[in-house]
Amino acid sequence: MKALSVFFISVVIGIIAIVSYTLLSPRQVLEKDTSKDTVTQSQAFDLAEAPKETLRAQITSLEGDVKWQSRVATEPAELKEPRKLQQGEEILTEEDATVELSFTDLDLSLSPE
């Protein structure tokens, strides 16, 4: 019985010590450093026109059955002459087709295997 009462007294003293420490210790307030925050304007999303920062290319030549699907189209259309491309558009080639694309730092030729 004596051991049990010593245990309970130790638990009570421990609880009092923890509560006292949390109430009496100085609190640190974390403040957000707003000096590095920058305000950016939100850019309106336009499905028809890709943002200025996106990847763009120019079709320099095409041969055979080539189809192009714009960012807003539901089905591809037949492509007869070279045009500019923007990110999100698709180029589809049939077995007899070849397309050459020119990016800012890269020229690329696409054709079926």
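Residues numbered from 1 in each chain as written. Predicted model: local features only at pLDDT ≥ 70, side-chain atom pairs only at ≥ 80, totals over all residues. Heavy atoms only, no water.

## Observations concerning the side chain of S70
So the rule is basically this: Secondary structure elements are taken from DSSP: a helix is a run of H or I of four residues or more, a strand is a run of E of two residues or more, and numbering for both begins at the N terminus. Type-normalised accessible area, obtained with a 1.4 Å probe on protein chains alone, sets the label of each residue: buried when under 20%, exposed when over 50%, and partly exposed for intermediate values. Pairs of N or O atoms within 3.5 Å make up the polar contacts considered here, provided that, within protein, one atom can donate a hydrogen while the other can accept it, and that residues adjacent in sequence are counted only when both atoms are side-chain atoms.
By the element assignment, S70 lies in the loop between strand 2 (66-69) and strand 3 (77-78). Take S70: its relative accessible area is 16%, and that puts it in the buried class. Separated by 3.2 Å, the side chain of S70 and the backbone nitrogen of A73 make a polar contact.

## Side note on the confidence of the model for the protein
Formally: How sure the predictor is of each residue is captured by pLDDT, a score from 0 to 100.
Averaged over all residues, the pLDDT of the protein equals 81, while 81% of them reach at least 70. When pLDDT is averaged over each element of the protein, strand 3 comes out on top at 94 and strand 7 (residues 107-110) at the bottom at 79.

## A short note on the nonpolar core
Where we set the bar: Take the buried Ala, Val, Leu, Ile, Met, Phe, Trp, Tyr and Cys residues and link them wherever side-chain atoms come within 4.5 Å; each set so joined is a nonpolar core. In what follows, residue pairs with any heavy atoms lying within 4.5 Å of each other are defined as contacts.
Counting residues in each nonpolar core, the largest one holds 10 residues, listed as A57, I59, L62, V66, W68, L79, L85, A97, V99 and L101. Counting residues per element, the ones that place at least two in this core are strand 1 (56-63), strand 2 and strand 6 (98-102). For this core, the element with the highest residue contribution is strand 1, accounting for 3 residues. If we skip the residues at most four places from it in the chain, I59 touches L79, P82, R83, L85, I91, V99, E100 and L101.

## Thoughts on the pairing of strand 1
This is how the line gets drawn: Here a strand pair is declared whenever DSSP counts at least two bridges between the two strands.
Alignment of strand 1 against strand 4 (residues 84-86), held across 3 bridges, turns out to be antiparallel. Looking at strand 4, one finds that A57 is bridged to L85. In this structure, strand 1 lies alongside strand 6, joined through 5 bridges in antiparallel fashion. Paired with L62 across the two strands is V99, which belongs to strand 6.

## Examining the sheet that holds strand 5 (residues 90-93)
Within the open sheet, the 3 strands sit side by side as 3-2-5. Their pairing is antiparallel. Sheet topology places strand 3 and strand 5 at the edges, where each strand pairs with a single neighbour. Bridge count for strand 2 against strand 5 is 4 bridges, and the pairing is antiparallel. Residue pairing for strand 5: Q69 is matched across the bridge by E90.

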